[in-house]
Structures are given as structure tokens and as C-alpha cells.
Amino acid sequence: MFYFICITLFTSPIQDSFEWSPIPSPVPEKIIWAKRIDKDNGYCRTQSKRLFQFKRNKWNELHLPQLNAVTIHRTNAFLPNELWVAGVRFGEQRTTLFRITGQDVEELHPPNVDNIISLFQHTNDSFWIGCNWGEMLSFEDNAWIKHLLPTQKHISFLWQMHNGNLWGSSDFRGISELLRLTPAGWTIIETITDGEIVNVWPFRDGIILKIDASLWLYEPDNPRKKINIPFSGKRDFHFDLFNYQNGYLIDTMGHLFAFSGQTQKFTPVDTLVAGLEISLSKDGFGWLYYPEGVFYTFDKPIATQVSPVNANFFIHRMDLSDLMGAGFIAGTKKPDLLYLVDLERENRVAQSFLQDKTKFFKRGIYTRAADFGLAERQESKDKAPTYDAAVLVADFNNDAKEDVFLTAIYGQKYLFFQQNERVFADGTSWAGLREEEGRLGQPATSDFDGDGDLDLCLPRAFSQPDIFVNNGKGQFTRVLGLMPDELPKSSGSAVFANLDKDKWPDLILGVPGSGIYMLKNINGQKFGMPVISGTSINSRKPEKLGSPTVGDYDNDGDLDVLGCKLYKSNSLYRNDGDWRFTAVTEAAGLIASTLTNGA
């Protein structure tokens, strides 16, 4: 399934807009490699080894029957109209090399080499290839020349410095070497034992090295210096430079940072979509792209755009694959807000998205939730991702302003109290909602005990749900022993609803792998199984269960129950009174509804 997102990013310190715009993906399949050459040119290769040229904002497939019997191992491009492909013909062992100009294919037949790993085009008619076990060849004057190297490691990268000197790197079993071509031949400049060189970028008169998941600056005649990346832990990232000094970094959680070559520091731009990779051209244009086949392009050169801050998004269509929940925050003097919970990336707030109470604008302004004081941690204490899961918006401290309660899958809870309109403060610790071990589910809130304030039910994996009782000021106390013993020792989601119309909010629990359990609220003191049998709606044992929800679908005055399921049909149950429910999924036309996480 492929999602196309329209994003335009504006940054305040820049006179001309810094714009990311979508371009059509050539095909809806995985992108193995992509490279932006300049404003009007680029190339990409897909999982099914199809090759495409990007020219003047349009993709053109390269139909090359000469490559039909070739398993492609490497692709690279240096000039607008030339693509290089290294691969092995079916039934052969030897790696061969192709130069593609438009639809023309030239096979260059390098001598018997073991796996072409790296390639660099020195001039129009001169290029180098690096191979396994220290083999390196150059092609000059229509002839191959084999070079003697002082290493037997694999030649992983070849590049030209800003001053024109040719460099390379080798690696084997976690040890890397920097190589330089001198008048006397190739020389080892430095041996690196603290990690493997993953990528290389020429930078001014030196280079920036990616060694494992860190960046290092190497300048001739100076010791190698580590560049501080803008996050902690071992999170991976993609990085690229334009004009040999400035660039961008995007990490695996979608955080985008601008890199200034002058200060060698990063400035946060904003949070985009997890999984993006980046390719920048030397003349200041570039791509962000999903490996799954979605591209964004710079519409204007970015040579001066290295200090973007406070960026806003205008989103026409949003990728909902990681949207875990949303909370509506009503405004009084200011526009309403929509708080969006993202599984892996920083949460968002949408504003100015309603034309009136019934119609949505086509474009809403999306900003960082942290700009409103709704800043949650993206990592736990041990640097593992927390994965935000669900949100509740309600007045928890009885001050007539809506607050935000957020849960993350791996133990984190946050309660943000609204101080002034659209200004929030983290009151989690004060409220008694500390971080815990274990996995949390989708919570629910209601006045469980009838004392005039909102309490919380927090489902948990591998144990019964917790009930937190509110003291009326927004401080909570966990109360044990409120659940019946026969309830399964796990739950994933909860909903409060008065199912029997006795004024007390009952509790509906979604239990993955088991079904939906309905618990009667016994006078605000505890929950119990109703007297009637069949209290577990347990049909077809869903593999994955989203959250249950309620509504009077048949307009008979009582609440019916919808169970959302990921991999099997959702289930609708009609409330017939006296704790009797009838499955009416097929009659209501919902039998084929799947892949839903909540409603």
C-alpha cells in the first residue's frame, strides 16, 4: 500500500520559500537507489531492476533489452545523461560494467574482477572502479589499467576531493582504511579500527566520514574529529551535502536537520516521515524519498537555505499508516486544534483546519506539538523508541480547560494541563502518573466513582487494567482490586459507556487474541461480570484487536458496540438490553471491513 503526501515546507529566515513538493513516483514499488544529479536530472533503480531517468520533472523508463539477462549489483551517475550499471550476466561469474547514455548501452568488459563495489567518473572518458580484495582499475584512452594497491581489503568508496585529488576507502571485518592517489601510486593515509566507513562526502578541503552511526571530519594534516550529531543513542540516519559544505541529515524517526559547513553544527528543521532517504545535487537541488516509492523534490535551489527553523507544513493528504489517535481541543477565542499521535515520530498539532463546524479546509497548518508545550520524549531512559499509542482530551483538573493525556506503548504516560488557551505544561509527575515498565494500551476516562471528576482506566499487556482515581484537582491514585478475577491478565484498549442505563459508566475492554469483555460498574466501587452468561463477545478470535467503541447505531436509546479488528472483519453488536447483545455485523453491511485500528 502506498501513501502520497503533499508537503510544502516554509522556513522563516529565508526570503524565498524553501519548498518540498511531491513528484510522481515512477512505479509503486521499492526504490533501491536514487540520485539527484542537478536541477533537471536524476536516476533511480527499483526492486524489479527497472531503471528510470528523471528529466525536467518527468520520469522516463530506460527500456534496455541488453540488461534483461543481467543481475544488477551497483548503479551510479555523475553526469546528467550517463548512468553506470555493474552486474553479472546469468550463468556467468564475472562482473561486467555498462555505460548507458539515453537508450544506448555500451559494455566496457573490465578484466576478470571480483564484484565491482565502487565507481568514480574522473572525466568524460576516464573512470575508476574498486572491487573486492584490493583490486582497482582505471579506464583511460579506451583501455583498462590495473593498479597495485597497498591493501587487500574491499574498495568500498572512490571520490574526488574539492581540490581535484582522488581518494578511496577500503574495509574488511570492521577495519577501514583511507587511501589517496599520489604521484607514486595509492597510499594508505589512515587505518580506522573504531568502526566501518559507511559513506563518504567530500567537504571543503577534506572529507566527512560516516563511521557506523557517527560522523567524522577528516582534513589533511589534522587529526580526525567527531561531529556531534543532533540526537543521542545509536539511531541511524541519512546524510548528504551540496556545494561541498552544507547539507541535511534525516534520522530514522523522520527528524530533519540542516548542517552548516561553517559551524559544523546541525539546526533542527522539522519532523517529516520516518523512513525517508536523501539525495542532494551539487548545484543545490535534492530529493527526499521513501524506499517504498514516494519522492519529494526541492523546487528551488537551497544553496543559502541552511538555517531553517520554526517550519510549518501544509498537508493536502496525510500518511495515516502510523497515526495512532487524534484528540480534538476546542478553542474559545482561538481556532480549534487537532492533536495527532504518531507511532514513531514527533506528534503534530493541526490548526485552522475547519471552515466551520462541519467542513474541513483542504489545507490545514500542521506544527510541532512541542510548540504548544505538548513535548513528549521520543526515547525511553535506555534510549529505546517509546512509540506513542493513544491520546485523551478532557478536563482532568476541573478548571474548565481541556487537558491532554498521552500514553506510549512502552510505559510512558504524559498529562499536559492547559494553562492558558493553547498553552500546555507537563504535569505528569505532579499528577502521580510516573513512568512504568511494561506495555500500555489505549486508555479511557470517565467519572467511574460518581464524585464529579474524571478517572482513568489504563489497559496493560500481561496484567489486568489499572484504575486511577482522581482527587478532583488532577492528581491520581492507583486503586487495586477493582477487576473481577475471571478477567484475562491482559488488555489492549478500554472504553467507558453506560450500557445498562443505570447512571454508572460500565467498562468495555478489548483483549487481543481473546475478544471484547464488558464489565458492569457496581455502584462506583468495582467492576464485575454481568449476571447473564456470554459476557465475552469472543467471535472468531481476532489475531489483532483494535479499540472497541460505542454508539446507538439503531437509534433505540441504548449503546451498541463496534469491535475494530486489524486482520479480520470488524464486529458490530446490537444492545438488546439486560446485557444481551446480538451480532449484526453482516446485516449492517460491515462484514468486509478490515485493517482498522480504532473508531
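Remember, it's a predicted structure, so these values are computed and weren't measured experimentally.

Quick notes on the rules
- Residues numbered from 1 in each chain as written.
- Predicted model: local features only at pLDDT ≥ 70, side-chain atom pairs only at ≥ 80, totals over all residues.
- Heavy atoms only, no water.
- Helix = DSSP H or I, 4+ residues; strand = E, 2+ residues; numbered from the N terminus.
- Buried < 20%, exposed > 50% of the residue type's maximum accessible area, 1.4 Å probe, protein only.
- Contact = heavy atoms within 4.5 Å.
- Areas by Shrake-Rupley, 256 points an atom, 1.4 Å probe, with all protein chains shown as cover.
- Pairing = 2+ DSSP bridges.
- Salt bridge = Lys/Arg side-chain N within 4 Å of Asp/Glu carboxyl O.
- Axes fitted to C-alpha atoms, helices over the stretch in contact; angles between N-to-C directions.
- Phe/Tyr/Trp six-rings, centres within 6.5 Å; stacked < 30°, edge-to-face > 60°.
- Lys NZ or Arg CZ within 6 Å of the ring centre and 35° of its normal.
- Core = buried A, V, L, I, M, F, W, Y, C linked by side-chain atoms within 4.5 Å.
- Polar contact = N/O pair within 3.5 Å; in protein donor to acceptor, adjacent residues only side chain to side chain.
- pLDDT = per-residue confidence, 0-100.

1. Regarding the overall build of the chain
Along its length, the chain carries 0 helices and 51 strands. Considering the chain as a whole, with its 599 residues, one finds that 53% of them fall into the buried category. Put simply, 43% of the contacts in the chain that link residues at least 6 apart link residues at least 24 apart. A total of about 27000 Å² of accessible surface is found on the chain, and carbon and sulfur atoms cover 50% of it.

2. So, the pairing of strand S8 (residues 82–89)
Most of S8 is tucked away: 7 of the 8 residues are buried. Between strand S7 (residues 70–76) and the antiparallel strand that follows it, S8, lie 5 residues. Of the pairings in the sheet, the one linking S8 to strand S9 (residues 95–101) comprises 7 bridges and is antiparallel in character. Across the sheet, residue Glu82 finds its bridge partner in S9, namely Thr101. Once S8 ends, the chain turns through 5 residues before running back antiparallel as S9, passing Gly91 with a positive phi of about 85 degrees.

3. Thoughts on the environment of Phe239
In this structure, Phe239 sits in strand S23 (residues 237–242). Separated by 11 residues in the primary sequence, Phe239 and Ile250 have C-alpha atoms spaced 6.5 Å apart. When near neighbours in sequence (up to four residues on either side) are disregarded, Phe239 contacts Trp201, Ile208, Leu215, Tyr248, Leu249, Phe259, Phe266 and Ile278.

4. With respect to the pattern of salt bridges
Applying the stated criterion across every chain, the model contains 15 salt bridges. Measuring nitrogen to oxygen at the nearest pair gives 2.6 Å for the salt bridge that ties Arg89 to Glu107. Here the residue Arg89 occupies a position in strand S8, and Glu107 occupies one in strand S10 (residues 104–107), the gap between them amounting to 18 residues. Given the relative accessible area of 22%, Glu107 is considered partly exposed. The closest approach of N and O atoms between Arg574 and Asp576, which form a salt bridge, is 2.8 Å. Given the relative accessible area of 38%, Asp576 is considered partly exposed.

5. Thoughts on the sheet that holds S9
With antiparallel pairing, the 4 strands of this open sheet are ordered in space as S7-S8-S9-S10. Both edges of this open sheet fall to S7 and S10, since each of them pairs with a single strand only. Pairs of neighbouring strands in the sheet enclose a mean axial angle of 30 degrees, with direction left out of account.

6. A short note on the packing of aromatic side chains
Tallied over the full model, the rule gives 24 aromatic pairs. The ring of Phe78 carries the charged tip of Lys35 above its face, separated from the ring centre by 4.6 Å. Residue placement shows Lys210 over the ring face of Phe237; its charged tip is 4.4 Å from the ring centre.

7. A short note on the sheet that holds strand S5 (residues 51–55)
Here we have 4 strands laid out as an open sheet, ordered S3-S4-S5-S6, and antiparallel in their pairing. The open sheet has two free edges, formed respectively by strand S3 (31–38) and strand S6 (59–61), since each of these has just one partner strand. On average, each strand axis in the sheet is inclined to that of its neighbour by 20 degrees, with strand direction left out of account. Two elements, S5 and S6, share 3 bridges in a ladder whose sense is antiparallel. Residue pairing in the sheet places Phe52 in a bridge with Glu61 of S6.

8. Quick word on the nonpolar core
Ranked by internal contacts, the top residues of the largest apolar core, which has 16 residues, are Ile467, Leu507 and Phe527. For this core, the secondary structure elements donating two or more residues are strand S41 (463–470), strand S43 (493–497), strand S44 (506–511) and strand S45 (515–522). Counting residues per element, this core draws most heavily on S44, at 3 residues. If sequence neighbours within four positions are ignored, Ile467 has contacts with Phe448, Leu456, Cys457, Thr477, Arg478, Val479, Leu482, Met483 and Phe527. Membership of the second largest hydrophobic core comes to 15 residues, among which are Phe203, Ile227, Phe239 and Phe257.

9. Concerning unusual backbone geometry
At Asn555, a position not held by glycine, the phi torsion is positive, near 55 degrees. For Asn555, the position within the fold is in the loop between strand S48 (545–551) and strand S49 (560–565). Judged by relative accessible area, Asn555 falls into the exposed class, the value being 69%. Even without being glycine, Asp578 reaches a positive phi, approximately 55 degrees.

10. Some words on the side chain of His154
Its place among the elements puts His154 in strand S15 (residues 154–160). Look at His154 and you get buried, because its relative accessible area is 17%. A polar contact is formed between the side chain of His154 and the backbone nitrogen of Trp133, at a distance of 3.1 Å. Once residues within four sequence positions are removed from consideration, His154 is found in contact with Ile117, Cys131, Asn132, Trp133, Gly134, Ser169, Ser170, Asp171 and Phe172.

11. So, the side chain of Ser214
Mapped onto the fold, Ser214 is located in strand S21 (residues 214–218). With a relative accessible area of 13%, Ser214 lands in the buried category. A distance of 2.8 Å separates the side chain of Ser214 from the backbone oxygen of Ile211, its partner in a polar contact. In this structure the side chain of Ser214 is engaged in a polar contact, spanning 3.0 Å, whose partner is the side chain of Trp216.

12. Some remarks on the environment of Asp578
With respect to the helices, strands and loops of the structure, Asp578 is situated in the loop between strand S50 (571–575) and strand S51 (581–583). Counting along the chain gives 79 residues from Asp578 to Leu499, while the straight-line C-alpha distance between them is 8.9 Å.

13. Some thoughts on the confidence of the model for the chain
Interpreting fine coordinate detail is not advised for predicted regions of low pLDDT. Residue-level pLDDT values for the chain average 80, and 81% of them are 70 or greater. Ignoring residues within four places in sequence, the model shows residues 538–543, a span with pLDDT below 50, making 16 contacts including any to other chains.

14. Here's the deal with the environment of Leu392
With respect to the helices, strands and loops of the structure, Leu392 is situated in strand S35 (residues 388–394). The spatial distance from the C-alpha of Leu392 to the C-alpha of Phe405 is 5.0 Å, given a sequence separation of 13 residues. Beyond its immediate sequence surroundings of up to four residues, Leu392 is in contact with Asp403, Val404, Phe405, Pro443, Ala444, Thr445 and Leu456.

15. A look at the pairing of strand S28 (residues 286–290)
Moving residue by residue along a regular strand, the side chains alternate between the two faces of the sheet. The element S28 is extensively covered by neighbouring structure, given that 5 of its 5 residues are classed as buried. Every second residue of S28 is oriented toward a common face, with Gly286, Leu288 and Tyr290 on one face and Trp287 and Tyr289 on the other, all of them buried. Judged from the 4 bridges that link them, strand S27 (residues 277–280) and S28 form a sheet pairing that is antiparallel. Following the sheet pairing, Ser279 is matched in S28 by Trp287. Adjacent in sequence and paired antiparallel, S27 and S28 are bridged by 5 residues, among which Gly284 carries a positive phi angle near 95 degrees.

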